Every structure is written in C-alpha cells, then in structure tokens.
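If you want the building blocks of each chain, they are given just below.
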Amino acid sequence: MAKICKYGFDDSTIVNKRDLYGIGFTQNLLSGRWKYFILWFLKDDTKRFSEIKKFLSGISQGSLTKQLKELESDGLIHREVYPEVPPRVEYSLTEMGQEILPILKMMESYGKKHGEQAEDYM
C-alpha cells in the first residue's frame, strides 16, 4: 500500500492535520507520469498490456511495467494472468481504483475549463 512521504511534515502535523495527510496519501497513489492515464483507460473495461502500451505510445515497456506494478501494489488495479502459452495478462480497476475515478473526472473538467486560458500565459 502506498505510504505518504513524511518529509516536510512533522509528527504533529501528520496526527493533527489529517486533511493534509489525505491529500498527501492520494497524491502519492497517483504520483507517476502515466498513472492518471492508465487508470482513465481502464475505467470502462479490462485491457491487455499491449492495449495499454498502444494507447500510451510515448511510454517505454519498462516504465509501463513499473507503473502497472505500483498501481497493483497500491490496490488500484487487478492483474490477471491466464495460464496460456504465451501468457495472457489483463488489467482492470479494483473497487479502490473505481473510487478514484471521480477525482480524475474533476481533473478533466478543471483542465477543460482552465487549460485553454493557461495557454495564454505560456
């Protein structure tokens, strides 16, 4: 399970400011360049590794494998290996992964609303 990095927080902040801990915990779950996109891609149905790799054409195989392992370790996705030759591996969202989708939806809405405006400042 993901753990919040305690750097920058003293023990009293961690104990007394649970809202900060909650934000930090969620941030840690989603840290990684591709995790948001992997979770969003899995929102509707189960996908094979090759489908995810094709969707994220800019990611290396090693990076994708690392991100998927972290998401699985953190309980956001389920990895199913079928005993076939060659082995078939499929990924799907867990219940915990489904629960994070509203956060991603809010990020999508925020980006659509403010993204074009931000380009004016770049």
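Before reading further, recall that the structure is shown in the block above.
Note that the structure is a prediction, hence the values are computed from the model and not measured.

S.K.: Let's hear about the sheet that holds strand β3 (residues 88–93): which residues, and what values?
M.R.: Spatial strand order, β1-β3-β2: 3 strands in an open sheet with antiparallel pairing. Across the chains shown, the open sheet's two edge strands, defined by having one partner strand only, are β1 (47–48) and β2 (77–82). Inspection of the sheet shows β2 paired to β3 by 6 bridges, in the antiparallel sense. Paired with H78 across the bridge in β3 is S92.

S.K.: Before we move on, can you summarise the pattern of salt bridges with the specific residues and values?
M.R.: Inspection of every chain in the model, using the stated rule, returns 8 salt bridges. Linking D45 and K47 is a salt bridge whose minimum nitrogen-to-oxygen distance equals 2.7 Å. A relative accessible area of 39% places D45 in the partly exposed class. A relative accessible area of 13% means that K47 is categorised as buried. Of the charged contacts in the structure, one is a salt bridge between R88 and E84, with a shortest N-O distance of 3.0 Å. By sharing partners, the salt bridges in this structure join K35, K66 and E70 into a single network.

Rules of the game
- Residues numbered from 1 in each chain as written.
- Predicted model: local features only at pLDDT ≥ 70, side-chain atom pairs only at ≥ 80, totals over all residues.
- Heavy atoms only, no water.
- Pairing = 2+ DSSP bridges.
- Helix = DSSP H or I, 4+ residues; strand = E, 2+ residues; numbered from the N terminus.
- Salt bridge = Lys/Arg side-chain N within 4 Å of Asp/Glu carboxyl O.
- Buried < 20%, exposed > 50% of the residue type's maximum accessible area, 1.4 Å probe, protein only.

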